[in-house]
Amino acid sequence: MSLYDDAVLVLKGYEGQDELRQSYLDHLAAHPDGMWKACHAGHVTASALVIDPERGRVLLTLHRKLRMWLQMGGHCEPGDATVAAAALREATEESGMAGLTLLPGGPVRLDRHPIPSPCHWHYDVQYAALAPSGAVEAISDESLDLRWFPYDEVAGVADDSVVRLLAAARARL
């Protein structure tokens, strides 16, 4: 199965955010290359919020280009077998942590947001990843900083999309 086919199946099975979910499906139907960064009309991305539920905190990255505290994530790559695998790969690369596991149940949220030219939209499929006990983060080249934030501090440092993702992930926990 191709990554495109996996994305369509994941989106068809996703419950909630019906109008937004349909816009993702419509985009993919209109753009067979909609999984890739080269699709300038917009493309699917995969992200994961790294959570340490034992300590009630999340790991955020200070994104190098956007200079915002965000969850880990980014573009799908040809080697990604599934959207979930892409999210887990991105979370592992950007957090520096081995042993992350995605929260069961598929994506936690969808978030479509505009991005700078030449592209127009990221159709982000958002997961939550559980940090293994005792895991130590390591900053990547894509980040200016990595930091753990208690749940109640996230709204003070991150935008509404991260706050909504955290709320949905905590509800799933």
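Residues numbered from 1 in each chain as written. Predicted model: local features only at pLDDT ≥ 70, side-chain atom pairs only at ≥ 80, totals over all residues. Heavy atoms only, no water.

**Digging into the pairing of strand β1 (residues 43-52)**
Side chains on a regular strand alternate between the two faces of the sheet. Heads up, the condition is: Working definition: with a 1.4 Å probe on protein chains only, accessible area under 20% of the residue-type maximum means buried, over 50% means exposed, and in between means partly exposed. Every helix listed is a DSSP run of H or I at least four residues long, and every strand listed is a run of E at least two residues long, numbered separately from the N terminus. Two strands qualify as a pair provided that DSSP identifies no fewer than 2 bridges between them.
Of all ten residues making up β1, ten are buried, and the element is well covered by its neighbours. When β1 meets strand β7 (residues 121-130), the two strands line up parallel, connected through nine bridges. Residue pairing across strands places S47 opposite Q126, the latter belonging to β7. Bridge count between β1 and strand β4 (residues 72-75): four bridges; the pairing is antiparallel. Looking at the pairing, A46 lines up with G74 of β4. In this structure, β1 lies alongside strand β2 (residues 57-63), joined through three bridges in antiparallel fashion. By the bridge assignment for β2, D52 is matched with R57. Hairpin connection from β1 to β2: four residues lie between these consecutive antiparallel strands, with G56 at a positive phi of about 65°.

**Notes on unusual backbone geometry**
Outside of glycine, negative phi angles account for most residues, and trans bonds account for most peptide bonds. Within the chain, Q17 stands out as a residue other than glycine whose phi angle is a positive 50°. Located in the positive-phi region is R67, a residue other than glycine, with phi close to 55°. Tracing the backbone through its elements, the reader meets R67 in the loop between β2 and β3 (69-70). A relative accessible area of 59% places R67 in the exposed class.

**Observations regarding the nonpolar core**
Note the threshold: In plain words, nonpolar cores are sets of buried Ala, Val, Leu, Ile, Met, Phe, Trp, Tyr and Cys residues tied together by side-chain atoms within 4.5 Å. Residues count as neighbours in contact if any of their non-hydrogen atoms are within 4.5 Å of one another.
The biggest cluster of nonpolar side chains holds 30 residues, and the ones touching the most others in it are M35, V50, V83 and V125. For this core, the elements supplying multiple residues, two or more each, are α1 (3-13), α2 (18-30), β1, α3 (83-95), β7 and β8 (143-150). Those residues in contact with V83 that lie beyond four places of it in its chain are L3, D6, A7, M35, A46, V125 and Y127. Within the second largest apolar cluster, 18 residues are counted, among which are L49, L60, Y151 and A158.

**Section: the packing of aromatic side chains**
So the rule is basically this: Any Phe, Tyr or Trp ring, taking Trp's six-membered ring, that has another such ring centre within 6.5 Å forms a pair; planes under 30 degrees apart are called stacked, those over 60 apart edge-to-face, and the others tilted. Definition used: whenever NZ (Lys) or CZ (Arg) falls within 6 Å of the ring centre and also within 35 degrees of the ring normal, the charge is taken to sit over that ring.
Applying the stated rule across the entire model yields two aromatic pairs. When the centroid spacing of 5.1 Å and the interplanar angle of 90° are considered together, the rings of Y24 and Y123 count as edge-to-face. With Y24 in helix α2 and Y123 in strand β7, the pair connects residues that are 99 residues apart, well separated along the chain. Of note, R57 hangs over the ring of W148, and the distance from its end group to the ring centre comes to 4.0 Å. We note R112 situated over the ring of W121; from NZ or CZ to the ring centre the distance is 3.8 Å.

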